[in-house]
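Take a look at the letters that make up each chain.
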Amino acid sequence: MENRVPLILLFTLLLPCFIAHTSSAKKQIEALSQIYKEKYLKNNIDIDRTHFNANLNFHRAEINSQDGLGLKEKDRIGILPGQPPVKFKQYGGYVTVNQTAGRAFYYYFTEAQNSDKSLPLLLWLNGGPGCSSLAYGAMQELGPFRVSSDGKTLYNNKLAWNHAANVLFVESPAGVGFSYSNTTADFVTGGDRRTAIDNYAFILNWLNRFPEYKGRDFYISGESYAGHYVPQLAHTILAHNQEANKTIINLKGIIIGNAVINDETDVQGMYEYFASHAIISDETWEQIAKYCDFSPNATTQTDLCSEAAKEVDKNTNDIDIYNIYAPMCHNTSLTRKPKKTTSALNLDPCGDNYVYAYLNRPEVQQALHANVTNLPYDWQPCSDVIKKWQDSPSTVLPLLKEFMSNGLRVWVFSGDTDGRIPVTSTKNSIKHMNIPSKTSWHPWYFAGEVGGYTKVYEGNLRFATVRGAGHQVPSYQPARALSLISHFLAGTDLPNKTTKS
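Note that the structure is predicted; figures quoted are calculated from it, not measured.

*Asks:* Please give an account of the pairing of strand β8 (residues 166–171) that cites residues and values.
*Replies:* In terms of residue burial, β8 counts as a mostly covered element, since six of its six residues are buried. On β8, burial covers both faces: Asn166, Leu168 and Val170 on one face and Val167, Phe169 and Glu171 on the other are all buried. In terms of strand pairing, strand β4 (residues 103–110) meets β8 through five bridges, oriented antiparallel. Its bridge partner being in β8, threonine 110 is matched across the sheet by valine 167. Where strand β5 (residues 121–125) meets β8, four bridges bridge the pair, whose relative direction is parallel. Looking at the pairing, tryptophan 124 lines up with phenylalanine 169 of β8.

*Asks:* An account of the state of the cysteines is requested, with residue identities and associated values reported.
*Replies:* According to the stated counting rule, one finds three disulfides in the structure shown. A sulfur-sulfur separation of 2.0 Å characterises the disulfide bridge that pairs cysteine 292 with cysteine 305. Between cysteine 292 and cysteine 305 the disulfide shows an S-S torsion of about 105 degrees. By sign, it is right-handed. You can see cysteine 292 sitting in the loop between α10 (282–291) and β12 (300–302) and its partner cysteine 305 sitting in helix α11 (residues 303–316), a full 13 residues away along the chain. Under the relative-accessibility criterion, cysteine 292 is labelled buried at 8%. A sulfur-sulfur distance of 2.1 Å marks the disulfide that ties cysteine 329 to cysteine 350. Disulfide cysteine 329 to cysteine 350: torsion about the S-S bond roughly 105 degrees, handedness right-handed.

*Asks:* Before we move on, could you go through the packing of aromatic side chains and cite the residues and values that matter?
*Replies:* Applying the stated rule across the entire model yields 26 aromatic pairs. Aromatic side chains tyrosine 107 and tryptophan 206 sit 6.3 Å apart centroid to centroid with 80 degrees between the ring planes, which places their arrangement in the edge-to-face category. On the criterion of sequence distance, the pair formed by tyrosine 107 in strand β4 and tryptophan 206 in helix α7 (residues 192–209) is long-range, its members being 99 residues apart. The same class applies to tyrosine 107 and to tryptophan 206, which are both buried.

*Asks:* How would you summarise the pairing of strand β14 (residues 409–415) if you had to cite specific residues and measurements?
*Replies:* With respect to burial, β14 is a largely interior element, seven of its seven residues being buried. Both faces of β14 are covered, namely the face carrying Arg409, Trp411, Phe413 and Gly415 and the face carrying Val410, Val412 and Ser414. With five bridges joining them, strand β11 (residues 251–257) and β14 adopt parallel strand pairing. Pairing of isoleucine 256 across the sheet is with valine 412, part of β14. In this sheet, strand β17 (residues 461–466) lies alongside β14 in parallel orientation, the contact comprising six bridges. When the sheet's bridge partners are listed, valine 412 is paired in β17 with phenylalanine 463.

*Asks:* Tell me about the environment of tyrosine 358, and please be specific about residues and values.
*Replies:* Summarising the element assignment, tyrosine 358 is placed in helix α12 (residues 351–359). On the basis of relative accessibility, which here comes to 0%, the residue tyrosine 358 falls in the buried class. Along the chain, tyrosine 358 and glycine 151 lie 207 residues apart, while their C-alpha atoms are 4.9 Å from each other. For tyrosine 358, the residues in contact, after removing those within four places along its chain, are Leu80, Pro81, Met139, Val147, Gly151, Lys152, Thr153, Leu154 and Val364.

*Asks:* Please give an account of unusual backbone geometry that cites residues and values.
*Replies:* With an omega dihedral of 0 degrees, the bond running from glycine 128 to proline 129 counts as a cis peptide bond. Note on placement: proline 129 falls in the loop between β5 and α5 (134–141). Cis geometry is adopted by the peptide bond preceding proline 173, which originates at serine 172 and carries an omega value of 0 degrees. Within the secondary structure, proline 173 sits in the loop between β8 and α6 (185–188).

Cut-offs used in this document
Residues numbered from 1 in each chain as written. Predicted model: local features only at pLDDT ≥ 70, side-chain atom pairs only at ≥ 80, totals over all residues. Heavy atoms only, no water. Buried < 20%, exposed > 50% of the residue type's maximum accessible area, 1.4 Å probe, protein only. Helix = DSSP H or I, 4+ residues; strand = E, 2+ residues; numbered from the N terminus. Pairing = 2+ DSSP bridges. Disulfide = S-S within 2.5 Å. Phe/Tyr/Trp six-rings, centres within 6.5 Å; stacked < 30°, edge-to-face > 60°. Contact = heavy atoms within 4.5 Å.

This is the structure we're talking about:
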């Protein structure tokens with residue numbers, strides 16, 4: 001009889017090669033591998049993988065009476081240290097999401113550069129779980145600034161998403177970034193359900209502080225493990241709107257990139273991608289496909305599966321599978337002066353280190369109105385504070401179908417050089433939904449070149465790739481990403497050959 005080994009090997013053999021090229025701070029790369037490790041430990045019954053349902057955790061989110069216009073003005077950020085001049089307004093501060101526990105989320109908000117009174121409100125969430133939307137979304141992807149190599153100064157991101165919307169970033173759950181709780185138990189455990197409830201409470205209370213956005217079209221976006229956060233928050237909003245029989249939050253749609261949405265196809269698609277991009281041999285892929293069990297109920301794997309997974313590890317040790325063609329960061333030191341080549345169009349692979357240095361500067365935290373409780377640890381891009389993740393459904397595909405049946409706009413996109421949650425994973429996940437197609441697979445265009453490929457399905461679902469982008473699409477292809485989000489928010493088709501971007 002074939003010997004069997006714990007399923008954990010299948011998900012963690014790749015982890016060491018990610019860590020070797022990073023500094024001591026935990027990164028988004030490690031966080032996603034960690035949740036797979038926790039979910040698929042042999043005989044691990046501690047993580048609830050059942051379907052997310054807001055009705056099972058239904059409660060009336062707390063509205064904090066102290067939130068209002070006075071706090072909004074206190075949250076106004078004049079200028080950040082090392083920041084170039086800008087004309088739009090920016091805000092940062094805390095919103096209490098649970099007064100009993102003393103949980104409060106840190107947010108950073110940038111009004112649109114033009115037409116802030118008419119453009120929609122867009123929330124961006126990073127994943128992990130446990131990674132900061134300030135670290136990645138705001139400071140390295142779609143925010144208005146990037147951090148220079150000196151860790152002290154900022155430069156403009158001319159392709160920021162606040163050209164298309166008023167953009168809101170939040171660090172969630174408590175224990176991530178500057179967000180905190182006065183209840184120690186909140187740091188011992190976390191999970192999808194509490195994160196969704198707290199994210200909903202955050203939005204309600206934030207809108208109370210910024211009432212001009214209460215009736216505004218609202219969209220939710222995110223990447224990676226936010227493939228859970230975004231649909232779960234949207235589902236919670238719909239459930240509360242339906243219970244109240246009125247529109248509490250004017251949710252219009254969601255958009256998620258390189259998103260964790262279905263464990264079985266997510267993981268299988270990763271190995272399929274490695275094979276199709278000549279990173280592993282055909283023989284290794286065939287062995288994995290034949291002998292590895294990717295189903296959510298699997299707890300062990302055969303020796304032949306383990307053998308093939310080890311071979312994958314050997315072949316991926318010296319590349320970043322979050323962008324298989326990108327350079328690695330080999331020098332984590334800050335520079336005395338900013339590098340002259342600094343541009344949002346040229347991603348620096350050491351950007352995590354610059355952001356870490358910048359956001360831990362006391363004058364920066366003061367300007368951001370952050371770390372008001374003097375946290376007993378450094379700000380980190382991904383949390384080491386939350387020790388155990390309690391619930392993580394094996395799939396969120398039923399939620400996407402729910403949104404489509406409720407008339408929400410649903411877009412899913414993939415940077416096509418990401419090997420962690422690659423285009424093969426997302427294509428297979430969507431195929432698993434068995435939705436009729438409205439269009440064939442075809443290219444979309446930006447600036448006279450192919451920006452990626454796309455397909456539209458019945459029920460207002462679109463899948464699009466972004467050519468030349470890794471896991472964090474706005475970092476690697478900022479112009480194409482801005483075109484993508486602009487068309488999503490406008491509800492217009494991605495351009496074909498005969499139309500303009």
